[in-house]
Amino acid sequence: MAYTGFILSFAWTGLVAWLLIKKYNPQAVLLFTGMLMLLMAELLGYATPPMSESSGSGFIDLFKRIEES
């Protein structure tokens, strides 16, 4: 189980590289894959940066986490 996050992070990095090589919008690719990686870290139980205050919605908390960092 410890290697799951490691393997998935390499898969996401490969996907991002492929999308950027294919000339997809870099801002959108990096934003959405970054949010998916944060969500993946939460689901796998990895430590994520603490938030000052939770909104109560996990979806909105993803955006708050990006804003605070």
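Residue indices follow the written sequence of each chain, beginning from 1 at its first position. In keeping with the predicted nature of the model, local features appear solely for residues at pLDDT of at least 70, side-chain atom pairs appear and are counted solely at 80 or more, and the whole-chain, interface and lining totals rest on all residues. Water and hydrogen atoms play no part in the side-chain values, which are based on all heavy atoms of the structure.

1. A look at helix H2 (residues 26-44)
And step 1. Taking 1.5 Å per residue as the helical rise, H2 with its 19 residues ought to reach 27 Å, and the 26 Å between its terminal C-alpha atoms agrees with that figure.
And step 2. When H2 is considered as a whole, its buried residues turn out to be Val29, Thr33, Met35, Met40 and Ala41.
And step 3. Only heavy atoms enter the contact rule, under which two residues are in contact if any of them lie within 4.5 Å. Secondary structure elements are taken from DSSP: a helix is a run of H or I of four residues or more, a strand is a run of E of two residues or more, and numbering for both begins at the N terminus. Buried-residue contacts for H2 involve helix H1 (4-21) and helix H3 (58-68).
And step 4. Positive phi appears at Gly45, one or two residues downstream of H2, with a value of about 85°. Helices are assigned an expected span. That span is 1.5 Å times one less than the residue count. Note on exposure labels: buried denotes an accessible area under 20% of the residue type's maximum, exposed denotes more than 50%, and partly exposed covers the range between, all computed with a 1.4 Å probe on protein chains only.

2. A look at H1
And step 1. Given a rise of 1.5 Å per residue, 18 residues ought to cover 26 Å, and the 26 Å separating the end C-alpha atoms of H1 matches this to within 8%.
And step 2. By the burial criterion, the buried members of H1 are Gly5, Val16 and Leu19. The buried residues of H1 occupy an angular sector of 65° when projected down its axis, which confines them to one face. H1 presents Ile7, Phe10 and Ile21 as exposed residues on the side facing more than 90 degrees away from its buried surface.
And step 3. Each element contacted by the buried residues of H1 is listed here: H2.
And step 4. Lys23 lies just past H1 and shows a positive phi near 70°. The directions considered for the arc are those from the helix axis to the C-beta atoms.

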